[in-house]
Amino acid sequence: MTHTLISPLDMHLHLRDEEMLNLVAPLSAYGFAGAIVMPNLVPPITTIEAVLAYKERIVRAIGQNHFEPLMTLFFRSDYTREFLEKAALHVKALKLYPSGITTNSEGGVASMDIELLRPVLEAMSDLGLVLCVHGETNGFVMDREKEFVSIYESLAEAFPKLKIVMEHITTQESVALLDRYENLYATVTLHHLLITLDDVAGGMLQPHLFCKPIAKRYEDREALLHVSLAAHPKVMFGSDSAPHPIHKKECCGCAAGVFTAPIALQVLTELFDKHNALASLQAFVSNNAQTIYGYKALHKEVILEKTPMKVTHAYGNVVPMFANETLAWSIQHVV
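Fair warning: this is a prediction, and the values are worked out from it, not measured in the lab.

1. Things to note about the environment of Val42
Relative to the assigned elements, Val42 resides in the loop between strand S3 (34–37) and helix H2 (48–62). Taking relative accessible area as the criterion, Val42 reaches 70% and is therefore assigned exposed. Once the C-alpha coordinates of Val42 and Phe32 are considered, the two residues, ten residues apart in sequence, prove to be 25 Å apart.

2. Overview of the packing of aromatic side chains
Scanning the entire structure with this criterion turns up seven aromatic pairs. Aromatic pair Tyr79 and Phe83: ring centres 4.8 Å apart, planes at 25 degrees, arrangement stacked. When its relative accessible area of 18% is taken as the criterion, Phe83 is described as buried. Both rings, one in Phe237 and one in Phe284, keep their centres 6.0 Å apart while their planes meet at 55 degrees; by these two values the pair is tilted.

3. Quick word on the packing of helix H4 (residues 114–127) against helix H6 (residues 149–158)
It is the contact of H4 with H6, at a shortest axis distance of 12 Å, that shows an interaxial angle of 45 degrees. Between H4 and H6, the angle falls in the class oblique. H6 is crossed by H4, and the crossing has right-handed handedness. Judged by residue contacts, Ile114, Arg118 and Leu121 of H4 engage Ser154, Leu155 and Ala158 from H6. Taken together, the residues of the contact of H4 with H6 sort by class into four nonpolar, one polar and one charged.

4. With respect to empty space enclosed by the protein
Enumeration over the complete set of coordinates arrives at three cavities of 30 Å³ or more. Considering only enclosed or pocket space, the largest cavity measures out at about 130 Å³ in volume. Considering the residues around the largest cavity, the lining is formed by 19 residues, among which His14, Thr102, Lys212, Asp240 and Ala242 are closest to the centre. Its residues assigned to classes, the lining of the largest cavity shows five nonpolar, ten polar and four charged.

5. With respect to the layout of surface pockets
Of the voids in this model, the largest pocket is the one considered here, and its volume is about 550 Å³. Surrounding the largest pocket, 19 residues form its lining, Arg16, Asp17, Met20, Pro245 and Lys248 being those nearest its centre. Put simply, the parts of the chain that give the lining of the largest pocket at least two residues each are helix H1 (18–31) and helix H11 (246–249). Among the elements that line the lining of the largest pocket, the one with the most residues is H1, at four residues. Broken down by class, the residue content of the lining of the largest pocket amounts to eight nonpolar, six polar and five charged. Lining the second largest pocket are 13 residues, with Leu194, Val267, Glu270, Leu271 and Lys274 sitting closest to its centre.

6. As for the sheet that holds strand S1 (residues 2–6)
The strands that make up a sheet pair up through hydrogen bonds in the backbone, lying either parallel or antiparallel. Spatially, three strands are ordered S1-S11-S14 in an open sheet, and the strand pairing comes out antiparallel. The open sheet has two free edges, formed respectively by S1 and strand S14 (330–334), since each of these has just one partner strand. Taking each pair of neighbouring strands and ignoring which way they run, the sheet shows an average axis angle of 30 degrees. Contacts between helix H12 (residues 264–274) and the sheet are confined to S1, strand S11 (301–305) and S14, with S11 contributing the most and set at about 60 degrees to the helix.

7. Describing unusual backbone geometry
Both trends apply: most residues other than glycine have a negative phi, and most peptide bonds are in trans. Cis geometry marks the peptide bond from Val42 to Pro43, where omega comes out at -5 degrees. Examined against the element boundaries, Pro43 turns out to sit in the loop between S3 and H2. Within the chain, Glu18 stands out as a residue other than glycine whose phi angle is a positive 55 degrees. Positive phi, normally seen in glycine, also occurs at Ala231, with a value near 50 degrees. Tracing the backbone through its elements, the reader meets Ala231 in the loop between helix H10 (218–229) and strand S10 (235–237). For Ala231, a relative accessible area of 14% puts it in the buried group.

Thresholds applied
Residues numbered from 1 in each chain as written. Predicted model: local features only at pLDDT ≥ 70, side-chain atom pairs only at ≥ 80, totals over all residues. Heavy atoms only, no water. Helix = DSSP H or I, 4+ residues; strand = E, 2+ residues; numbered from the N terminus. Buried < 20%, exposed > 50% of the residue type's maximum accessible area, 1.4 Å probe, protein only. Phe/Tyr/Trp six-rings, centres within 6.5 Å; stacked < 30°, edge-to-face > 60°. Axes fitted to C-alpha atoms, helices over the stretch in contact; angles between N-to-C directions. Parallel < 35°, antiparallel > 145°, perpendicular 65-115°, else oblique. Left-handed = near helix turned anticlockwise from the far one by under 90°. Contact = heavy atoms within 4.5 Å. Nonpolar A, V, L, I, M, F, W, Y, C, P; charged D, E, K, R; others polar. 1 Å grid on protein atoms, 1.4 Å probe; cavity = no way out; pocket = protein on both sides within 12 Å on 5 of 7 lines; lining within 4 Å. Points joined across faces, edges and corners; volume = space filled by probe spheres on them. Pairing = 2+ DSSP bridges.

Structural data, given as structure tokens:
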């Protein structure tokens, strides 16, 4: 049994930089036709020159793979309209991080005061730039995304023409927002479709499943599964694949991030097949994203086959999700 995906896209991807970039970029570029690349490097991507230089490094790292990196800027409230007009020629979105809320976000927004953000958000709205948001407060870890709902509502109401992507949503409250505001969209990760907090910390601590936003409750996972398997038109796949070297995961002070890039399409196919929803997978991993972003992806055919695949224990010094386990589907070949 085979299943073909046309131009799969990863709408939330961490490629890092330098040695890590060279290690992980080809793993995404092999099966995906493109990806929204996160800008939270050290230092973050805040200038057009930095965008272009980073894109050049990515293109070098992916080699001969047919893949387009879709670039983003790290959101700052002091960008001018003139700067954003020039940036719009090179980036698809701006990524807003509340300050200090996740990896390399210390330079993020210190206040979500709408009036402080208004000049940048109005310019983005006029220019057709997408706002991608890491939607968490600094409250109790299980409530951070739920507490951010009122901020999403304020943004959606204040800027009705601005496309706002709620990144890596994890709660049923975030899912409910999709049908309440025309300009709110969402990315969903592979790992949040599969795990709950029980998988992370219910028994022995599983550092390679620790991520931010943290995995939530069973009812939250079911809400994510429902909209994803149905290919809700406002939902798209974004892996949030976040590689960290083993010594930063298997340690005190474990880094947040799940590395899924090399197994994402195989596991998604297995998941959708299990739920008799393979007909929805194309929309979830490509068509919805192209519509939401107004983007035509590079043509790429990924043929998956229902034959077992043994996942390696590590790619270089990065441990993937399902390390040493056997998956039901594998990538047969890529055209």
